Amino acid sequence: MLVAVISCDKQRANPNKEFSLDRISKFHKDNLVVSSSPVSKEIQRLCLAAGKRTEDQLLSKYYLNGGAMIWVSRNGVSIAADSLIDILRNTGQEGINPKCFKLPEIEKDIKAMRTLDIHSNDNMCLVAARIEYRLSRAYILYVAGQRFGFFNPHYHLNRLDPVNGDSVITARTRYRSLYDLPTMRPNSTFMHEAMAKATPDSIGSYLRQARPSTKMYGQLCRMLSEQTSAEARQKILVNMERLRWRFSKYADTGNRFVVVNIPAYHLYAYGPDSILDMKVGVGSMKTKTPMLASEFEYMQVNPVWVIPSSILKKEVAHRAGDSAYFARNKYDIIEKSTGKKMEPTHISSAMLASGNYRVVQQGGPGNSLGRIIFRFPNNFSVYLHDTSNPGVFNRAARSVSHGCVRVAKPLDLASYLLGETDEWTMDKLRLSMGLAPLTAKGKNYLREWKQKHETVKEGEEKPAVKPLLSLVKTLGVKKPVNLYIVYFTIYPDGKGGMEHWPDVYGYDKLVWQNIKDYTL
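Keep in mind it's a predicted model, so treat the numbers as computed, not measured.

Asker: Break down the overall build of the chain for me, citing the residues and quoting the values.
Answerer: Counting its secondary structure elements, the chain contains 18 helices and 20 strands. Pairs at least 24 residues apart make up 68% of the contacts formed inside the chain by residues separated by at least 6 positions. Surface exposure of the chain reaches about 26600 Å², of which carbon and sulfur atoms provide 50%.

Asker: If you had to explain the sheet that holds strand β11 (residues 341-342) to someone new, which residues and values would you point to?
Answerer: Here four strands make up an open sheet; going across it, the order is β9-β12-β10-β11 and the pairing antiparallel. With one partner strand each, in any of the chains shown, β9 (305-306) and β11 form the two edges of the open sheet. The pairing of β9 with strand β12 (residues 357-361) spans two bridges and is classified as antiparallel. Each bridged residue has a counterpart across the sheet, and for V306 the counterpart in β12 is V360.

Asker: So, the pattern of salt bridges: which residues are in play, and what are the values?
Answerer: Scanning the model with the defined rule gives 15 salt bridges in all. Linking K288 and D161 is a salt bridge whose minimum nitrogen-to-oxygen distance equals 2.5 Å. With a gap of 127 residues between them, K288 in the loop between β6 (275-283) and β7 (291-295) and D161 in the loop between α6 (153-157) and β3 (179-180) connect regions that are remote in the sequence. In this structure, R244 and E241 form a salt bridge, with 3.0 Å as the shortest nitrogen-oxygen distance. Both residues of the pair, R244 and E241, count as buried. Sharing partners across several salt bridges, the network here consists of D109, R130 and R134.

Asker: Can you break down the environment of G366 residue by residue, with the values?
Answerer: Along the chain, G366 falls in the loop between β12 and β13 (372-375). With 23 residues separating them in the primary sequence, G366 and N389 have C-alpha atoms 8.4 Å apart. Excluding residues that lie within four positions of it along the chain, G366 makes contacts with Q361 and S388.

Asker: Any chance you could break down the environment of G149 for me, citing the residues and the numbers?
Answerer: Topologically, G149 is positioned in the loop between α5 (124-148) and α6. G149 sits in the buried class, given a relative accessible area of 1%. When sequence neighbours within four positions are dropped, the list of residues in contact with G149 reads E55, A144, R185, E241, R244 and W245.

Asker: Please provide a residue-by-residue account of the packing of aromatic side chains, values included.
Answerer: Under the criterion given, the structure shown has 23 aromatic pairs. Ring centres 5.9 Å apart and planes at 85° place the aromatic pair Y179 and W245 in the edge-to-face group. Remark: W245 occurs in the loop between α10 (230-242) and β4 (257-261) and Y179 occurs in strand β3; sequence separation between them is 66 residues. Grouping residues by exposure puts Y179 and W245 together as buried. A centroid spacing of 5.6 Å and a plane angle of 65° characterise the contact between Y505 and Y507, whose relative ring orientation is edge-to-face. Looking at Y507, the relative accessible area reads 2%, which means it is buried. One aromatic cluster in this structure is built from F247, F257, Y268, Y270, Y484, F488 and Y491. Between R256 and the ring centre of Y416, over which it is positioned, the NZ or CZ distance is 4.5 Å.

Asker: Go over the nonpolar core, please, and point to the residues and values.
Answerer: Counting residues in hydrophobic clusters, the biggest one holds 145 residues, and the most contacted among them are W71, Y139, L267, F296, F374 and L384. No other element matches α5, which puts 16 residues into this core. The contact partners of F374, leaving out residues within four places of it in the chain, are F296, Y298, M299, Y383, L384, H385, V407, P410, L413, A414 and L417.

Asker: Could you give me a rundown of helix α16 (residues 440-453), with the residues and numbers involved?
Answerer: The first and last C-alpha atoms of α16 sit 20 Å apart over 14 residues, in line with the 20 Å expected at 1.5 Å per residue. Every buried residue belonging to α16 is among G442, L446, W449 and H453, and all of these are buried. Angularly, the buried residues of α16 cover 65° about the axis, an arc narrow enough to put them on a single face. Turned more than 90 degrees away from the buried face of α16, the exposed residues are A440, K441, E448, Q451 and K452.

Asker: Can you lay out the packing of helix α2 (residues 54-64) against α5 for me, pointing to particular residues and giving the numbers?
Answerer: A pair of packed helices is captured by two measures, namely the crossing angle of their axes and the spacing between those axes. Remark: α2 packs on α5, axes separated minimally by 10 Å, with the N-to-C direction vectors making an angle of 135°. With respect to each other, α2 and α5 are oriented oblique. Crossing handedness for the pair α2 and α5: right-handed. Each of E55, D56, L59 and Y63 in α2 lies in contact with α5, whose residues at this interface are E132, Y133, S136, R137, I140 and A144. Taken together, the residues of the contact of α2 with α5 sort by class into five nonpolar, one polar and four charged.

The rules behind the values
- Residues numbered from 1 in each chain as written.
- Predicted model: local features only at pLDDT ≥ 70, side-chain atom pairs only at ≥ 80, totals over all residues.
- Heavy atoms only, no water.
- Helix = DSSP H or I, 4+ residues; strand = E, 2+ residues; numbered from the N terminus.
- Contact = heavy atoms within 4.5 Å.
- Areas by Shrake-Rupley, 256 points an atom, 1.4 Å probe, with all protein chains shown as cover.
- Pairing = 2+ DSSP bridges.
- Salt bridge = Lys/Arg side-chain N within 4 Å of Asp/Glu carboxyl O.
- Buried < 20%, exposed > 50% of the residue type's maximum accessible area, 1.4 Å probe, protein only.
- Phe/Tyr/Trp six-rings, centres within 6.5 Å; stacked < 30°, edge-to-face > 60°.
- Lys NZ or Arg CZ within 6 Å of the ring centre and 35° of its normal.
- Core = buried A, V, L, I, M, F, W, Y, C linked by side-chain atoms within 4.5 Å.
- Expected span 1.5 Å × (residues − 1).
- Arc of directions from axis to C-beta.
- Axes fitted to C-alpha atoms, helices over the stretch in contact; angles between N-to-C directions.
- Parallel < 35°, antiparallel > 145°, perpendicular 65-115°, else oblique.
- Left-handed = near helix turned anticlockwise from the far one by under 90°.
- Nonpolar A, V, L, I, M, F, W, Y, C, P; charged D, E, K, R; others polar.

What follows is the structure in structure tokens.
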């Protein structure tokens, strides 16, 4: 042996520490002579032949721009390489296949260098170059895979659904955006940081820190070790992969945040000591709810619904001229240029589809958004809201919306978002939503309101009920509460266990096709 093998983070004396590659020259064998120029040229050749993965391109950029060699020097192979190899051998515990790092080839070359067992059709320069490049590639692939994932969700999920359902895909095909979580990806900054950590003193801790540290990831690792079914392992591995997609913003707001898990058709509002769990309805297969992260800003009570143009053209335009239909659904037709309300009998289907008019559903009972909507910034015009059709929550499969999320317990969610608030504010909210008040003040208010508005003297007309509906119009969310709309087919049940959910949008299959070569 030319260099002592050091594993883990513990170092011991190297009996060959005085060895230098310069001493190889005394053997007077051309294929054992090492010089920097041939090694560099071979590394450059390997870089130019690299694949298209981001990690490969970053590695090529590093070496082609004069990046220093990390693993091989005139003193042989660094002991940091042994720490790396030791960890890569054990990646099977997390379902990562060691073969994807080409360990057999790397170890064969390291052994050849350390024993001077170089075949006549090979030479030390080529061996040194292969060791340097392959170790770097294995290292970057592992660290990037653990920190950012082996699958790029931004690329693949946002090239899944053609906007017009085109069967023929071309370079000009437009796709629906389905993934907008602020997920970090490997870049040049990461590359230089990783290379700087590839030292005997730092590499062990750096490799361990790259691994996801969440409780859920640990639970999935344990589940994987106990599972022999190929199908079950595949599902676990796909969900482990999702936990590697780490966010670049939306800092931790403490122990209060909301998660909507699409496959579970559930919302989880996490608090310091409890979890508010409720059913939700999400987008249909044709109008999928996007994955996103945001922060709740405010809620509107008895909101109006401005019908999106896509729905207007497909579901409303053909009813033009049917005044009974528009009256029954409380739809108003507004001319955009003037803001004037138009009579349905004066508007044709072509006019509605022209984009010059909008159709607005009045707020209150029967509104498609229900009695309350929860607003947060996003790029899709989707929100969480109540529904005028609560029967949808009795279904097992609840992929029913045009993309928004319908919540089964809107008042409970409002209370959660408001946090510590006075009882009268909550009673005003209940009254505005058509619910019974709970406080004495609220009950007195309702009684007086009914006496004033429902007691009609002879010869008088019954007044409208709008004053009660507009008792509360908007409520702000004062303390930051983050929202995450995610997609996990295995997810914690809140009691220490894990629940399995169906792959409602087929994303598991897409992820698996792209990570299976890296899994075990």
